Amino acid sequence: MKRETGGQLLDRGTTRPGPPQAPPPRPPRWRVWLLLAGVLVAMALFFVPNPAAHHPESLTYSQLKTDIGAGQVASVALGQDGSVSGKLTNGTTFTSSYPVGLQDPQFTQLLDQHDVQVSTKPSGTPVWSLVLSFLPLLLIVALFLWTGRTARRQIGGLMGIGRSRGRLFDRERPSTTFADVAGYEGAKREVSEVVDFLKHPDRYRRAGAVGPKGVLMVGPPGTGKTLLARAVAGEASVPFISVTGSSFVEMFVGVGAARVRDLFEEARRQAPSIVFIDEIDALGQRRGGQLFANDERDQTLNQMLAEMDGFDPAGGVVVIAATNRPEVLDPALLRPGRFDRQVAIPLPAQREREAILVAHSRGKPLASGVDLNVVARGTPGFSGADLANLVNEAAIFAVRAGRDVIEALDFAEARDRILLGRRDGTNALLPEEKRAVAVHEAGHALVAALSPHADPVAKVTILPAGQALGVTEQLPVDERHLYSEGYLKDSLAVRMGGRAAERVVFGQVSSGAANDLAGATELATRMVREFGMSAALGPVGFTSGGPSYLGGLDTVRPYAEATQRVIDEEVGRLLREADERAVATLTDRRATLDRLTRVLLDRETIDGTDVDEAIRQT
Ligand code: ADP
Ligand code: MG
Ligand code: ZN
């Protein structure tokens, strides 16, 4: 997953402080002269300039980052409100600010890398200046108390000052409709009920029906959850009040809960309306049971549950929440009357990918040779956001090449760039290394092309891309959900193909096949342990590992030591058989292997038809 939610920046190495300020100490029985002296000091302090606020230089956030990067910052103190104060290495003090909500991970990294001493401030202003500025007030308050006047209400007023709540949520009326969401017909159907309810809440009220209250959209990042939620608001033409779960998680106990109250108040005022809570896992995690209890989050979550239970079912407020980690959510959130409807938004399947590509290519000049179906086939695992990015990158490639239409090769370039990282276009290998890579990739390609159940070869390249020196790519004919034993065995042989070719041609193997071996071993292990594809072990299946959040604790094996030995033997056998088959195939077709190697050395990147051609001609 791309990112973790939660306040990494603020939580790091800090303990959760209490409320912004402790209430003033009850006045001890001071003597009158002591108090009078205090009042005099207070008066003086009102007029003497505050030393901490004397002449600190004020930096913008980007200046601050630049200065840290240049090693000019010795220490910083971070406030929960985003204020920063600190010292430069030359001794000057400065003040600055950082964006609290954005949680810029670069910032933390920078601080780490340049050994900046980091501390946190218990509240927005430096402790020292805070004490100084409040001292006079405290003294005067103490005087009031001492003289028996009731000043408590005033204190209450004062305490409120430190708790300014920033603007928390965005309010808009989106013009997005279901037509803007390509594919996902099932999900649209599920949420259209919400649209109907929001359009006619009175109808539901008259019939005494309880409308939907909460919808939880579950899926990986970039799959269009936000888009779909906005489309619901757009279709129903109601206000869309959106907020991110992590923005509730404040360090001040009680603030998050207050914000939840505000949010729902606003939603009720605007009803019928949609409240959209993105990344709800940031606030909706299971209460208790954690190593570090987070009272603040618990309070916030409790408040949210109370709001959802409290509001009139016919009131016309629907809460839509999004998460990619439903398993961490507190079960209480999923109870009836809360987020009792779940809509799965998985990564798009091939047909959906094509629809999304079509949607994002609309209005862009595509060359007649571009087949978005082929592009969709070549992008399994891409999210909607990735595909939107792909179309944009392809357009950029076309512009750079001075063309005014987008060609198929632009899509291929864009895809490779997204998939494999930037390619520099030069093949910086030694000639003999280049030959070894060509032999290796030709081996993969040839075994793939000659195995009856394997996916056809789409592309073979000896251009380094990302970590790999060369790449052989197979393209599934259809999206697969089930894998036959024959397919899996072929796929083992294909993985062994690179190494086998090295052995056939050079008589020895190189270190370049480590990844292939690791992949093959993993697959073979699953075939034996999980898929019951080993005769010796029989039709048993052990699910792999435990839930990942148990981490290293999950070392308990559900079978005996002797079984493990059989598994190891069977995995070894499968791998040996696959290797032998690859070697036999390549020895048998040695002439084809050599020819394919030459073609690869010559052209560096070839496709499946070139492989078939080599097979036909030798
Ligand atoms: P999520 O909230 O699930 O992380 P978003 O709704 O923010 O994803 O999607 C990011 C972008 O990806 C959208 O703005 C849109 O451009 C594109 N996108 C994702 N899914 C689709 C889809 N089904 N149809 C069209 N565009 C999509
Ligand atoms: Mg989103
Ligand atoms: Zn390989």
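Here the structure is a predicted model, which means the values were calculated and not measured. (Residues numbered from 1 in each chain as written. Chains lettered and ligands numbered in written order. Predicted model: local features only at pLDDT ≥ 70, side-chain atom pairs only at ≥ 80, totals over all residues. Heavy atoms only, no water.)

1. So, helix α17 (residues 485–506)
Then, number 1: Between its terminal C-alpha atoms α17 stretches 31 Å, which fits the 32 Å expected from 22 residues at 1.5 Å a residue.
Then, number 2: Along α17, the sharpest change in direction is near 45 degrees and occurs at Gly497.
Then, number 3: When you tally the buried positions in α17, you get 16 out of 22 residues, the bulk of the element.
Then, number 4: Of the residues one or two after α17, Gly507 is the one with positive phi, at around 80 degrees. (Helix = DSSP H or I, 4+ residues; strand = E, 2+ residues; numbered from the N terminus. Expected span 1.5 Å × (residues − 1). Bend = angle between axes of the 7 residues up to and from the residue. Buried < 20%, exposed > 50% of the residue type's maximum accessible area, 1.4 Å probe, protein only.)

2. Some details on the packing of helix α3 (residues 61–69) against helix α4 (residues 105–113)
Then, number 1: Direction vectors running N to C along α3 and α4 enclose 30 degrees, while the axes themselves pass 9 Å from each other. In this structure, the crossing between α3 and α4 has a hand that is left-handed. Here Tyr61, Leu64, Lys65, Ile68 and Gly69 of α3 come into contact with α4, specifically with Gln106, Phe107, Leu110 and Leu111. (Axes fitted to C-alpha atoms, helices over the stretch in contact; angles between N-to-C directions. Left-handed = near helix turned anticlockwise from the far one by under 90°. Contact = heavy atoms within 4.5 Å.)

3. Observations concerning the pairing of strand β13 (residues 471–474)
Two faces make up the sheet, and in a regular strand the side chains alternate between them.
Then, number 1: Of the two faces of β13, only the one carrying Val471 and Glu473 is buried; Thr472 and Gln474 on the other face are not.
Then, number 2: Pairing between strand β12 (residues 457–461) and β13: 4 bridges, direction antiparallel. The residue bridging Lys459 from the neighbouring strand is Glu473, located in β13. (Pairing = 2+ DSSP bridges.)

4. Concerning the coordination of the zinc ion (ligand 3)
Then, number 1: Around the zinc ion (ligand 3), the donor atoms from the protein are His440 (NE2), His444 (NE2) and Asp516 (OD), and they sit 2.0 Å away.
Then, number 2: Coordination of the zinc ion (ligand 3) draws on donor residues from a single chain, spaced H-x3-H-x71-D in sequence. Taken together, the positions of His444 in helix α16 (residues 431–450) and Asp516 in helix α18 (residues 514–529) put the pair 72 residues apart, joining distant regions of the chain. Each of the two residues, His444 as well as Asp516, counts as buried. (Donors = N, O, S within 2.8 Å, 3.2 Å for Na, K, Ca; no water.)

5. Examining the packing of helix α7 (residues 185–199) against helix α9 (residues 225–236)
Then, number 1: At a minimum axis separation of 9 Å, α7 and α9 run at an interaxial angle of 40 degrees. Classified by the angle between their axes, α7 and α9 sit oblique to one another. When you trace α7 past α9, the crossing you get is right-handed. In this structure, α7 uses Ala187, Lys188, Val191, Val194, Val195, Leu198 and Lys199 to contact α9, whose residues at the interface are Leu228, Val232, Glu235 and Ala236. (Parallel < 35°, antiparallel > 145°, perpendicular 65-115°, else oblique.)

6. Overview of the site of ligand 1
Then, number 1: Within the structure, ligand 1 sits among 15 residues, and Ala182, Gly222, Lys225, Thr226 and His360 are positioned closest to it.
Then, number 2: Contacts to ligand 1 include Gly222, whose backbone N or O atom sits 2.7 Å from an oxygen atom.
Then, number 3: At 2.9 Å, a backbone N or O of Leu227 approaches an oxygen atom of ligand 1.
Then, number 4: Within the complex, 78% of the 560 Å² of free accessible area of ligand 1 lies under protein.
Then, number 5: The set of elements that each furnish at least two residues to the shell around ligand 1 consists of α9, α12 (350–361) and α14 (384–400).
Then, number 6: If one sorts the elements of the shell around ligand 1 by residue count, α9 sits on top with 3 residues.
Then, number 7: For the shell around ligand 1, the per-class residue count stands at 7 nonpolar, 6 polar and 2 charged. (Near = heavy atom within 4 Å. Polar contact = N/O pair within 3.5 Å; in protein donor to acceptor, adjacent residues only side chain to side chain. Areas by Shrake-Rupley, 256 points an atom, 1.4 Å probe, with all protein chains shown as cover. Nonpolar A, V, L, I, M, F, W, Y, C, P; charged D, E, K, R; others polar.)

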